[in-house]
Amino acid sequence: MYEFKYARPNSVRQAVNMLAKDPEAKILAGGHSLLPVMKLRLAKPTQLLDIGRIEGLSGIEQKGRSLVIGAGTRHVEVANSQVVKDALPALAALAGEIGDPAVRHRGTLGGSLANNDPNADYPAAALGLGATIITSKRRITADDYFKGLFETALEPDEIIVKVSFPLAKKAAYEKFKHPASGFALVGVFVSKRGSDIRVAVTGAGSSGVFRVKSFEEALKKRFSPKSIEGMSIPADGMSSDIHGSAEYRAHLVGVMARRALAKA
Amino acid sequence: MAAVSMTVNGKAVTADVDPRTLLVQFLREHLRLTGTHVGCDTSQCGACVVHLNGIAVKSCTTLALQADGGSVLTIEGLAAADGPLHPMQEAFREHHGLQCGFCTPGMVMTAVDMVRRKGNELDEQTIRHELDGNLCRCTGYHNIVKAIAAGAKAMKGRAA
Ligand SMILES: Cc1cc2nc3c(=O)[nH]c(=O)nc-3n(C[C@H](O)[C@H](O)[C@H](O)COP(=O)(O)OP(=O)(O)OC[C@H]3O[C@@H](n4cnc5c(N)ncnc54)[C@H](O)[C@@H]3O)c2cc1C
Ligand code: FES
Ligand code: FES
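Residues numbered from 1 in each chain as written. Chains lettered and ligands numbered in written order. Predicted model: local features only at pLDDT ≥ 70, side-chain atom pairs only at ≥ 80, totals over all residues. Heavy atoms only, no water.

Along the backbone of chain B there are five helices and five strands. If you list the helices and strands of chain B from N to C, you get β-β-α-β-β-β-α-α-α-α. Here the C-alpha radius of gyration of chain B, 15 Å, is about what a compact globule of 160 residues would show, namely 15 Å. On the principal axes, the C-alpha backbone points of chain B span a range of 45 × 30 × 25 Å. Counting across all 160 residues of chain B, residues that qualify as buried make up 52%. In chain B, the share of contacts with a sequence separation of at least 24, taken over all contacts with a separation of at least 6, comes to 59%. Just so you have it, chain B exposes about 7200 Å², and 50% of that area is on carbon and sulfur atoms. (Helix = DSSP H or I, 4+ residues; strand = E, 2+ residues; numbered from the N terminus. Rg over C-alpha atoms; globule rule 2.2 N^0.38 Å. Buried < 20%, exposed > 50% of the residue type's maximum accessible area, 1.4 Å probe, protein only. Contact = heavy atoms within 4.5 Å. Areas by Shrake-Rupley, 256 points an atom, 1.4 Å probe, with all protein chains shown as cover.)

This is the structure:
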């Protein structure tokens, strides 16, 4: 790792001020995306602002027809929460399949969404449920939030504080795990809330998480795997690497979507 | 440099460290507790697993400063130096759950954490799934799984 200074701001406001003063500083949450990247010397922050102990940044609460989860909430807490299991079981299941037990003990919801790794799981849930990302400045809908590979709408001095997930009538996530890393080679989150139908895909797109409008349209009549039987998406715009070609990923999107629908 | 203090295996320790110091480096290089291993550069192998405030974490992906004020348990702290082995260690010995032994400290610490979360009766599928973050290049896992099932049973009535 390159040298950096370490600080522990004791409120979100203080952390924001420190970020505003030093554009090269970075927030440290669970550290399970940032530290590996720093160990490879692919990131060189001047300062790490550890938000891990800021009070009120983690927690899970049901507010009316939404589930509000603090940015600092660890994956294991979401996976085990009875509130999440009752209100949005698909989200609890997704969190329980992130990485391995030790990763889930440290990694956080906010860290995952801020990082926006193209193979990460939470972005599929946020986009697939139409979540709202609540930051130190504003509220951003998931549709406006994800901007590409590791790119989000967050400004340099903006911190995710919590995320509000609307409760869906039906929802499910299916991921085809990369056998070595556990990340999604392709993961599909489907949901139905009134007339709002969403199919969000992670792992496959060459510019990150995306929605499949053709599937969503076809599912309007009936929210069932049958409605999209035989349908596929073009390989154009899919990523391609040693783990899978664009054609393979495009194919998997259909397969995972049907499996998710069967489960929802 | 930054001041860090924590409890490691029940003993209070304080040091001035470069903020870059990983928890595993702190344990191995500052405290000379070399039972915790480093097997990879990608946070995937689990050889470095220790308990931080009672919970299994990868010490290669945690800064020493993130553990400031906390309590750390390493493989050295699992059993008293002059006493019998911890039941999970004993089960690994009994069931031949290791060959070269490189992965073993992480396996044992993960296994003890598994019992905390999942109880004393662990079936094979649960154990294999829970070992997702621990790699062994020697054993083929078969005896590790057997050892953990037996160790979990033997831990009945113990806190850790
Ligand atoms: C071995 C391994 C396997 C993994 N497997 C998976 C997997 O299967 N699926 C998956 O989705 N992920 C996986 N991950 C990633 C893991 O879920 C990370 O924990 C997560 O992506 C990042 O969360 P964090 O809290 O660790 O963030 P950090 O690493 O602390 O931060 C990540 C980035 O987000 C920024 N940040 C953090 N919090 C905030 C905030 N509140 N506001 C604004 N910016 C913020 C940081 O500055 C940094 O740029 C894996 C990681 C490892 C090491
Ligand atoms: S050394 Fe920590 S996971 Fe490999
Ligand atoms: S016993 Fe050699 S790596 Fe597991």
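This part covers the sheet that holds strand β11 (residues 170-177) of chain A. Residues and elements named next belong to chain A. Taken in spatial order, the four strands make up an open sheet running β11-β12-β13-β14, and their pairing is antiparallel. The sheet is open, and its two borders are formed by β11 and β14 (210-211), each paired with just one other strand. With two bridges connecting them, strand β13 (residues 196-202) and β14 associate as antiparallel partners. Bridge assignment links V201 to a residue of β14, and that residue is F210. (Pairing = 2+ DSSP bridges.)

Time to look at the sheet that holds strand β1 (residues 2-8) of chain B. To summarise the sheet geometry, strands pair through backbone hydrogen bonds and adopt either a parallel or an antiparallel arrangement. Residues and elements named next belong to chain B. Strand order in the open sheet made by the five strands is β2-β1-β5-β3-β4, with mixed pairing throughout. The open sheet has two edge strands with one neighbour each: β2 (11-17) and β4 (55-58). Strand-to-strand twist of the sheet, defined as the mean angle between neighbouring strand axes without regard to direction, takes the value 40°. Relative to β2, β1 runs antiparallel, the two sharing seven bridges. Within β2, the position partnered with V8 by the bridge is K11. The strands touched by helix α1 (residues 23-30) are β1, β2, β3 (49-52) and β5 (71-73); relative to β2, the strand with the most contacts, the crossing angle is about 105°. (Axes fitted to C-alpha atoms, helices over the stretch in contact; angles between N-to-C directions.)

For the rest of this paragraph, the subject is the nonpolar core. Judged by nonpolar contacts, the single largest core of 39 residues is most densely connected at L67(A), L91(A), L113(A), Y122(A) and F165(A). Ranked by residue count, the leading element in this core is helix α8 (residues 122-129) of chain A, at six residues. Aside from chain neighbours lying at most four places away, what touches L67(A) is I60(A), E61(A), Q62(A), V83(A), V84(A), A87(A), L88(A), L91(A), V163(A), S164(A), F165(A) and L167(A). Listed in part, the 32 residues of the second largest apolar core include L28(A), L27(B), C48(B) and L52(B). (Core = buried A, V, L, I, M, F, W, Y, C linked by side-chain atoms within 4.5 Å.)

In this assembly, 28 residues from chain A lie in contact with 26 residues from chain B. Of the roughly 2200 Å² buried between chain A and chain B on both sides combined, carbon and sulfur atoms contribute 55%. Broken down residue by residue, the surface that chain A buries against chain B is led by K39(A), H105(A) and R106(A), which jointly contribute 25%. Connecting chain A to chain B are three salt bridges. A salt bridge links D68(B) to R8(A), with the nearest nitrogen and oxygen atoms 3.4 Å apart. (Buried area = accessible area lost by both parts, 1.4 Å probe. Salt bridge = Lys/Arg side-chain N within 4 Å of Asp/Glu carboxyl O.)

Moving on, we come to the domain arrangement of chain B. All names here are of chain B. Splitting chain B by domain gives domain 1 (2-77) and domain 2 (87-154). Spacing between the C-alpha centres of domain 1 and domain 2 amounts to 21 Å. Between domain 1 and domain 2 lies a buried interface of about 1200 Å² when both sides are counted; carbon and sulfur atoms form 62% of it. Looking only at domain 1, the three residues that lose the most surface to domain 2 are H37, H51 and I75, adding up to 38% of its buried area. The interface formed by domain 1 and domain 2 contains zero salt bridges. In this structure, the connection of domain 1 to domain 2 is made through eight residue pairs in polar contact (both at pLDDT 80 or more). Counting residues per element, the ones that place at least two in the side of domain 1 that touches domain 2 are β3 and β4. (Domains from an automatic or database assignment. Polar contact = N/O pair within 3.5 Å; in protein donor to acceptor, adjacent residues only side chain to side chain.)

What follows concerns the packing of aromatic side chains. Each aromatic ring pair is characterised by the separation of its centres together with the angle its planes make. Under the defined criterion, the tally for this structure stands at two aromatic pairs over all chains. In this structure, K44(A) packs its charged tip against the face of Y2(A), placed 5.0 Å from the ring centre. (Phe/Tyr/Trp six-rings, centres within 6.5 Å; stacked < 30°, edge-to-face > 60°. Lys NZ or Arg CZ within 6 Å of the ring centre and 35° of its normal.)

Turning to the pattern of salt bridges, a few remarks are in order. Side-chain pairing between opposite charges can occur once the charged atoms of the two side chains come close. Applying the stated criterion across every chain yields a total of 26 salt bridges over all chains. In this structure, E217(A) engages K220(A) in a salt bridge whose closest nitrogen and oxygen atoms are separated by 3.3 Å. The salt bridge partner of D18(B) is R20(B), with a shortest N-O separation of 3.0 Å. In this structure D18(B) comes out as partly exposed when scored by relative accessible area, which is 22%. Salt bridges linked by common partners bring D143(A), R193(A), D196(A), R198(A), R211(A) and E216(A) together as one network.

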